[in-house]
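Coordinates in review
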2 protein chains.
Amino acid sequence: MHYESASVSERRTLPPAVAVSTVAFALRPPLGSAIGSAAPRPGEEAGAPTLWIPLVRRTRAPFLGRWALPGGPTRWNETLADTALRTLHDAVLRAPGYLEQLYSFGGVERSADAQRLVTIAYWALYGERDLAAEPSLAVRVSVPDAGRAGEPAPIGAPAAAGVRAVDPADGSVAPARWDDVPVAGDPSPALDTAEGPSQPGEEGACLPDLSDPNVSWFSADALPELAFDHAEIVAYALERLRVKTEYSAIAHLFLGPVFTLGQLRTVHEAVRGESVDPANFRRQALARGSLVDTGEFETGTPHRPARLYRFRDEPGPLSPSRPGPSAPQTKDTP
Amino acid sequence: MHYESASVSERRTLPPAVAVSTVAFALRPPLGSAIGSAAPRPGEEAGAPTLWIPLVRRTRAPFLGRWALPGGPTRWNETLADTALRTLHDAVLRAPGYLEQLYSFGGVERSADAQRLVTIAYWALYGERDLAAEPSLAVRVSVPDAGRAGEPAPIGAPAAAGVRAVDPADGSVAPARWDDVPVAGDPSPALDTAEGPSQPGEEGACLPDLSDPNVSWFSADALPELAFDHAEIVAYALERLRVKTEYSAIAHLFLGPVFTLGQLRTVHEAVRGESVDPANFRRQALARGSLVDTGEFETGTPHRPARLYRFRDEPGPLSPSRPGPSAPQTKDTP
DNA sequence: CCAATAGTGTCTATTAGACACTATACT
DNA sequence: AGTATAGTGTCTAATAGACACTATTGG
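What you see is a predicted model, and the numbers here were worked out from it, not measured in a lab. (Residues numbered from 1 in each chain as written. Chains lettered and ligands numbered in written order. Predicted model: local features only at pLDDT ≥ 70, side-chain atom pairs only at ≥ 80, totals over all residues. Heavy atoms only, no water.)

Here we look at the packing of helix α5 (residues 261-272) of chain B against helix α6 (residues 278-287) of chain B
Residue and element names in this part refer to chain B. The contact between α5 and α6 brings their axes to 10 Å, and the two run at 100°. Classified by the interaxial angle, the pair formed by α5 and α6 is roughly perpendicular. Touching L261, L264, R265 and H268 of α5 are P278, F281, R282, A285 and L286, all from α6. Considered class by class, the residues forming the contact of α5 with α6 number 6 nonpolar, 1 polar and 2 charged. (Axes fitted to C-alpha atoms, helices over the stretch in contact; angles between N-to-C directions. Helix = DSSP H or I, 4+ residues; strand = E, 2+ residues; numbered from the N terminus. Parallel < 35°, antiparallel > 145°, perpendicular 65-115°, else oblique. Contact = heavy atoms within 4.5 Å. Nonpolar A, V, L, I, M, F, W, Y, C, P; charged D, E, K, R; others polar.)

Observations regarding the sheet that holds strand β11 (residues 291-297) of chain B
All names here are of chain B. Spatially, 3 strands are ordered β10-β12-β11 in an open sheet, and the strand pairing comes out antiparallel. Because the sheet does not close on itself, it has two edges, and the strands there are β10 (258-260) and β11. Neighbour-to-neighbour, the strand axes of this sheet turn through a mean angle of 45°, independent of strand direction. Bridge count between β10 and strand β12 (residues 307-311): 3 bridges; the pairing is antiparallel. By the bridge assignment, V258 is partnered in β12 with R310. (Pairing = 2+ DSSP bridges.)

Observations regarding the confidence of the model for chain A
All names here are of chain A. Confidence in the prediction of chain A, expressed as mean pLDDT, is 73, and 60% of residues score 70 or more. Ignoring residues within four places in sequence, the model shows residues 148-209, a span with pLDDT below 50, making 178 contacts including any to other chains. Counting contacts from residues 316-334, a segment whose pLDDT is below 50, to residues more than four positions away or on other chains yields 30 contacts. (pLDDT = per-residue confidence, 0-100.)

Looking at the sheet that holds strand β12 (residues 307-311) of chain A
What links the strands of a sheet is backbone hydrogen bonding, and the strands pair in either a parallel or an antiparallel sense. All names here are of chain A. Strand order in the open sheet formed by 3 strands is β10-β12-β11, with antiparallel pairing between adjacent strands. Looking at which strands have only one partner, the edges of the open sheet turn out to be β10 (258-260) and β11 (291-297). Adjacent strand axes in the sheet meet at a mean angle of 40° when their direction is disregarded. Of the strands in this sheet, β10, β11 and β12 touch helix α5 (residues 261-272), which is tilted by about 80° from β10.

Some words on the side chain of S219 of chain B
Residues and elements named next belong to chain B. Relative to the assigned elements, S219 resides in strand β9 (residues 215-219). At 2.7 Å, the side chain of S219 forms a polar contact with the side chain of D221. Apart from residues lying up to four places away in sequence, S219 is in contact with S37, T50, L51 and W52. (Polar contact = N/O pair within 3.5 Å; in protein donor to acceptor, adjacent residues only side chain to side chain.)

Thoughts on the protein's contact with DNA strand C
The immediate surroundings of DNA strand C are formed by 20 residues, with R282 and R307 of chain A together with N280, T301 and R304 of chain B found nearest. When atoms of DNA strand C within 4 Å of the protein are sorted by moiety, sugar and phosphate together comprise 57%. Contacts to DNA strand C include R307 of chain A, whose backbone N or O atom sits 3.0 Å from a phosphate oxygen. At 3.1 Å from a base nitrogen of DNA strand C is found a side-chain nitrogen or oxygen belonging to R283 of chain B. Considering every element that reaches the surface near DNA strand C, the biggest residue donor is α6 of chain B, with 4 residues. Residue composition of the surface near DNA strand C, grouped by class: 6 nonpolar, 6 polar and 8 charged. (Near = heavy atom within 4 Å.)

In structure tokens form, the structure reads like this:
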């Protein structure tokens, strides 16, 4: 509010603005969304599925017209995860199935001669169940992990009331609960974030509008040139997804509630970018102990039908267990 | 500047203040510093070394008198890492040998009815060489990694000009260079961060003053009650240190430029909190390929003298190689 | 029948870990 | 000699990966 009267030189001395940018992944673009990447890039036919990322075309000053990550400034009554979810929903019109903080960027050089900007990057994941529905319903938000097994103490910080924290490493559900995600135009009375005289580093999303021409999905390995340092953020998010897929069980979040081991393997192949031995993958996946045989089988395949599994403890909308902030647990396989 | 005239209700609508808090580790407190933990806690004699953490006693409103992590608001011309280094230096009077971002906390509940606060947590490491000297000289700042092997694309973001980014995973030196760290009282003309009418969540460090009574080192497993959610941040940092020690080579940073395998093993034991088989540790440490035999030997031991090693590529103050932001590399041992 | 994927069995190289043993300093 | 740590050798269990083989569907 006071900002709008500040001169350019004054803005330099203001405290940094806080914004969020999110790299979201899905195995395919949602139906009805615009597609940026032209076809599965040459050399890889429809055989190998790839990851898709939603981008937003910038409609203002720095990097005008360039594609950028969905995101925008934090509002005064939002947690950082809330901001990520809101701006992501503005772009994708759907809530992701998973959200995790990635890294914070506070370099003074990010917006050279304008107000300082601190950007917290998140990464998100859209599964089949998330891509399907039109109205957003719920979302799970993870807590940080120490970068590998034995998820550390879930810090009670980021997820404000109303967001669920789930520990994807061992499948156990950490403190949290389901709730609604703030939808598009919730009136936050304060701080017009969208229209300051120039929030210069602002990396905003556009108003939700069915088939928004300024929102499009791109194949992760055929991205256009991105605004700011978003290309590096995407690269980092991809690496994070790869690493996390190897030691944690998140691949199933790309799929529906039940899936075959072949489908799960396909996710791993898309994430790792290489083919995986079906036999060995099967053993490892089952050895994790987090898959439950539903007893059902795939139908309508031109080959032997595969067994259907679901992830362990796919709970109903509520589960009362609350392990608490918890001491560090055991690691699994160093 | 505008803030100082804002009422309490107005402050709620201001953009969040950005602060940094740092969990620093060392194998021992620096000489001449105050010691908070009374003796090596019972049950563990001098035999097993533990980790030490510097804390700062709060001198203002929320949590007055409680111990807290060194930290404080970021200044307009500082990167986040700069802020961590400055506030850490204010408390410890020395620059750490390693600094890495941990996580960002932006919950709206952190400062209930006052200005919103976003805190970026860092963790740092003081080695023997860092604890020795009194005037600060240089510091290495790491870039994020994806949480495990195959360090991801070093994102050029956080480290502003003048801070070195080193990739501790494989010992190769990533883009960066040595430089001075901002020392105590550099006059930042703008934004009086220390004395707003009440920057309520502010977690500031005190003025540097030899043997500051408000700064003390505590054994990591005998910490006092901490302000804010700092206990959880410490727990997370500890877990991060443990995990990172297992897959990356950072333990040597606790030691001097040359060290024996026994000393290195002692560091691992302190970090992991359990004893490690000397024979197996030796093999693994040497198999990494990052240790160089100096050909020298320990002297003055009451037993067979141990061979002295140094870490691979312990370079002079400057090394020109610059791999660049780089594509994700290969992983090592999933 | 064939094509295609599901699913099982098995062999090998690597690794973590336990632990016995030898080597070399000081007292 | 005795003690303490350095350093080597070796055995075992677990694991990742390669790959041959059988099973079961649709066409």
